[in-house]
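# Survey of secondary and tertiary structure
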Amino acid sequence: MHSIESRQVRPSVQDEIGPRQPGAIYQNTDGRFEVLVLVTNRADAAQLLRRTAARWAVIVRDVLRPDAQPFAIGTVWADSDYLIRPAPQTDTYGTAA
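The structure presented is a predicted model; accordingly, all values stated were derived computationally and were not measured.

Definitions and limits used
Residues numbered from 1 in each chain as written. Predicted model: local features only at pLDDT ≥ 70, side-chain atom pairs only at ≥ 80, totals over all residues. Heavy atoms only, no water. Helix = DSSP H or I, 4+ residues; strand = E, 2+ residues; numbered from the N terminus. Buried < 20%, exposed > 50% of the residue type's maximum accessible area, 1.4 Å probe, protein only. Phe/Tyr/Trp six-rings, centres within 6.5 Å; stacked < 30°, edge-to-face > 60°.

Another aspect to go through is unusual backbone geometry. Of note in the backbone geometry, arginine 50 takes a positive phi value of approximately 55 degrees without being a glycine. Structurally, the position occupied by arginine 50 is in the loop between helix H2 (42-49) and strand S3 (57-62). The exposure class of arginine 50 is exposed, given its relative accessible area of 75%.

Next up on the list: the packing of aromatic side chains. In this description, a pair of aromatic rings is defined by centroid distance and the angle of the planes. Overall, the coordinates contain three aromatic pairs when judged by the stated rule. Ring centres of tyrosine 26 and phenylalanine 33 lie 5.6 Å apart, and the angle between their planes is 40 degrees; this geometry places the pair in the tilted category. Overall, phenylalanine 33 belongs to the buried group, its relative accessible area being 7%. The structure contains a cluster of three or more aromatic residues connected by ring pairs, namely Tyr26, Phe33, Phe71 and Trp77.

Given below as structure tokens:
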């Protein structure tokens, strides 16, 4: 993986990602997940997900399992997903506000 871009994401991609930003915690039928990294570089996302058409990926960790290891997902934000804790707000320098 080369880099994680922090550039603006197209609205359609942002809709797919939903509120999953680093630091956020969300839940669905599969578990409760903390977002560790948002990858918007297509090449990096494709490599992580092993899908050439991937446009983004999210690296998460299941917070309900103490032994859980981080893993990459590319599933679109759905009505069955819901936010437990939003990502912390950051200022223009990237530090928590």
